[in-house]
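Chain by chain, the residues run as shown.
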Amino acid sequence: LKPLTGRVALVTGASRGIGKGIALELGAAGATVYCAARSSRGGFVSDDRPVAASVGELTVEQTAEDVTSQGGKGIPVPCDCADEDAIEEIIARIRSDEGRLDVIVPSAFATPPKLADAAFRDDFWKQGMEMWDCCHGVGLRGTYATLLKSTPLLIETAQKYDVRPLACLISSFGGQAYTFNVAYGVGKAATDRLARDASAQLSKHDVDTISLYPGVVATEGNMEMDERGEWAAASGGLDLAKAETPRFSGRALVALLTNPEYCSENSGSYQVVSELASQFDFTDVDGRRAPSIRSLQYLVPNFLLTDAKIAEMPAWQRGLATKFRDEWTPDYLLPWSVFSGGPPPEQTS
């Protein structure tokens with residue numbers, strides 16, 4: 001049997017991006033996955049973020065079929081993941097059809113305005129309330145609604161099946177350090193606080209919460225932005241060529257679910273995908289293991305010794321600097337107290 005055979009998951013935002021990557025890895029581990037998102041063959045298909053035609057269909061039906069092809073059981077559930085009534089209906093269906101719920105992954109997130117240019121990183125007073133409403137509507141409110149509506153069934157599952165269900169909330173390093181803009185960071189910090197405070201009430205019911213931190217992720221939308229030449233301005237120059245795939249986050253979640261003692265001991269905490277990869281010895285789909293964003297192996301080439309900065313050095317220093325950056329930089333993790341001290345220096349191209 002696969003490690004998650006018999007387990008039931010709900011993943012929102014499952015038609016694309018990190019949500020889809022997680023759904024596929026849960027399926028590969030044998031889980032039954034309810035794939036929820038707005039985009040469906042039967043109606044609305046999101047065009048908020050352009051993607052290349054080669055990406056193919058991005059609907060809940062396609063994700064569910066892919067989950068099944070991976071060895072799990074995918075069930076498509078078209079819905080607006082910011083609508084608590086819609087979430088409640090999904091939970092009622094899961095209760096009726098499955099009788100249990102082992103993991104929830106609220107991954108739905110609305111596309112922020114002005115994402116395709118540097119205005120995404122502008123001063124908050126120039127962005128207006130639109131940025132706040134976008135980052136906190138589907139992303140934060142939808143996460144809270146999903147956790148709220150699913151908790152009774154998570155508790156029942158723990159009691160009935162002697163397991164520790166997990167609420168895996170999708171956050172980012174923006175919860176700890178300045179990232180992109182004010183509204184984005186506040187939303188991610190709130191997600192972290194939600195995981196921590198919910199754990200204070202759920203631990204006694206044997207339900208765990210984790211706030212999961214992917215790194216820079218090569219989602220379908222991000223790859224298309226890079227192809228159009230928009231990624232550098234919007235991200236501040238982050239290197240998408242060395243990014244994680246969406247399935248890397250899914251492998252991190254499978255590692256957590258197959259190590260319930262770890263989840264119990266660390267319930268309410270934030271966990272970094274790439275650091276979990278080192279701890280539980282898994283890699284991305286291409287065999288790589290991207291460094292953590294707080295690792296020197298990430299920070300040195302992206303901020304301290306960029307190609308542009310090396311090019312400005314005297315000729316005799318360039319080779320040594322490149323060798324240090326590419327071969328000698330240790331995988332040392334900055335303490336969170338240092339990493340969260342403020343925004344990184346602006347990158348140059």
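Presented here is an overview of the structure given in this document. The structure displayed is predicted, hence computed values, not measured ones.

Membership of the largest hydrophobic core comes to 36 residues, with the highest contact counts inside it found for Leu26, Leu166 and Leu253. It is helix 8 (residues 246-257) that provides the largest number of residues to this core, a total of seven residues. One finds Ala36, Leu101, Leu169 and Ala198 within the second-largest nonpolar core, a separate group that totals 28 residues.

Moving on, we come to the packing of aromatic side chains. If you walk through the whole model with that rule in mind, you get 14 aromatic pairs. Both rings, one in phenylalanine 248 and one in phenylalanine 282, keep their centres 5.6 Å apart while their planes meet at 65 degrees; by these two values the pair is edge-to-face. Taken together, the residues phenylalanine 248 in helix 8 and phenylalanine 282 in the loop between helix 10 (273-280) and helix 11 (296-304) connect sequence positions 34 residues apart. Residue classification places phenylalanine 282 among the buried residues on the basis of a relative accessible area of 11%.

Attention now moves to the side chain of serine 40. You can see serine 40 is positioned in the loop between strand 2 (32-37) and helix 2 (60-69). Its relative accessible area of 7% is what places serine 40 among the buried residues. Looking at serine 40, its side chain comes within polar contact range of the main-chain nitrogen of glycine 42, at 3.1 Å. Sequence-distant contacts of serine 40, defined by excluding residues within four places in its chain, comprise Val45, Thr59, Val60, Glu61 and Pro78.

Here we come to unusual backbone geometry. A positive phi angle, close to 55 degrees, is found at aspartate 162, a residue other than glycine. Residue position: aspartate 162 is located in the loop between helix 4 (124-161) and strand 5 (166-170). With phi around 65 degrees, aspartate 206 is a residue other than glycine that occupies positive phi space. With respect to the element layout, aspartate 206 can be found in the loop between helix 5 (182-202) and strand 6 (208-213). According to the relative accessible area criterion, aspartate 206 is partly exposed, its value standing at 36%.

Right, let's get into the pairing of strand 5. For strand 5, a buried count of five out of five residues is recorded, marking the element as mostly surrounded by other parts of the structure. Alternating residues of strand 5 divide into Leu166, Cys168 and Ile170 and Ala167 and Leu169, and every residue in both groups is buried. Across two bridges, strand 4 (residues 103-106) lies against strand 5 in parallel orientation. Within strand 5, the residue paired with isoleucine 104 across the bridge is alanine 167. As for the winding sense of the linkage, the β-α-β connection from strand 4 through helix 4 to strand 5 is right-handed. Bridging between strand 5 and strand 6 involves five bridges; their strand directions are parallel. Residue pairing for strand 6: cysteine 168 is matched across the bridge by isoleucine 210. Handedness of the strand 5-helix 5-strand 6 crossover: right-handed.

It is worth spelling out helix 1 (residues 17-28) at this point. Its twelve residues give helix 1 an end-to-end C-alpha distance of 17 Å, which sits within 8% of 16 Å, the value for a rise of 1.5 Å per residue. Counting buried positions along helix 1 gives eleven out of twelve residues, so the element sits mostly inside the fold. Positive phi shows up at glycine 30, right after helix 1, with a value of about 100 degrees.

Okay, the state of the cysteines next. Going through the model one piece at a time under the given rule, you end up with zero disulfides. No disulfide involves cysteine 134; its sulfur sits 5.4 Å from that of cysteine 135, the nearest cysteine. By relative accessible area, cysteine 134 is classed as buried at 12%.

In the contact formed by helix 3 (residues 84-97) and helix 4, the axes pass within 9 Å of each other and the chain directions differ by 25 degrees. Taken together, helix 3 and helix 4 sit at an angle that is classed as roughly parallel. Regarding helix 3 and helix 4, the two cross each other, and that crossing is right-handed. Contact residues: helix 3 offers Glu84, Ile87, Glu88, Ile91, Ile94 and Arg95, while helix 4 offers Arg141, Ala145, Thr146, Lys149, Ser150, Pro152, Leu153 and Glu156. The residue makeup of the contact of helix 3 with helix 4, split by class, is six nonpolar, two polar and six charged.

For the rest of this paragraph, the subject is the sheet that holds strand 2. Taken in spatial order, the seven strands of this open sheet run 3-2-1-4-5-6-7, and their pairing is parallel. The sheet is open, and its two borders are formed by strand 3 (73-78) and strand 7 (269-272), each paired with just one other strand. The mean inter-strand angle of the sheet, taken between neighbouring strand axes irrespective of direction, is 20 degrees. Bridge analysis of strand 1 (residues 8-12) against strand 2 gives five bridges, and the strand direction is parallel. Considered in strand 2, the bridge of valine 8 is made with threonine 32. Here helix 3 sits on the sheet and contacts strand 1, strand 2 and strand 3; the angle it forms with strand 1, its principal contact strand, is near 165 degrees. This element, helix 4, spans strand 1, strand 4 and strand 5 of the sheet and lies at about 175 degrees to strand 4.

It is worth spelling out the side chain of threonine 32 at this point. Relative to the assigned elements, threonine 32 resides in strand 2. Look past the residues within four positions of threonine 32 in its chain and what remains in contact with it is Arg7, Val8, Ala9, Lys73, Ile75 and Glu98.

Reading the values: the criteria
- Residues numbered from 1 in each chain as written.
- Predicted model: local features only at pLDDT ≥ 70, side-chain atom pairs only at ≥ 80, totals over all residues.
- Heavy atoms only, no water.
- Core = buried A, V, L, I, M, F, W, Y, C linked by side-chain atoms within 4.5 Å.
- Buried < 20%, exposed > 50% of the residue type's maximum accessible area, 1.4 Å probe, protein only.
- Helix = DSSP H or I, 4+ residues; strand = E, 2+ residues; numbered from the N terminus.
- Phe/Tyr/Trp six-rings, centres within 6.5 Å; stacked < 30°, edge-to-face > 60°.
- Polar contact = N/O pair within 3.5 Å; in protein donor to acceptor, adjacent residues only side chain to side chain.
- Contact = heavy atoms within 4.5 Å.
- Pairing = 2+ DSSP bridges.
- Right-handed = clockwise from strand over helix to strand, strands pointing away.
- Expected span 1.5 Å × (residues − 1).
- Disulfide = S-S within 2.5 Å.
- Axes fitted to C-alpha atoms, helices over the stretch in contact; angles between N-to-C directions.
- Parallel < 35°, antiparallel > 145°, perpendicular 65-115°, else oblique.
- Left-handed = near helix turned anticlockwise from the far one by under 90°.
- Nonpolar A, V, L, I, M, F, W, Y, C, P; charged D, E, K, R; others polar.

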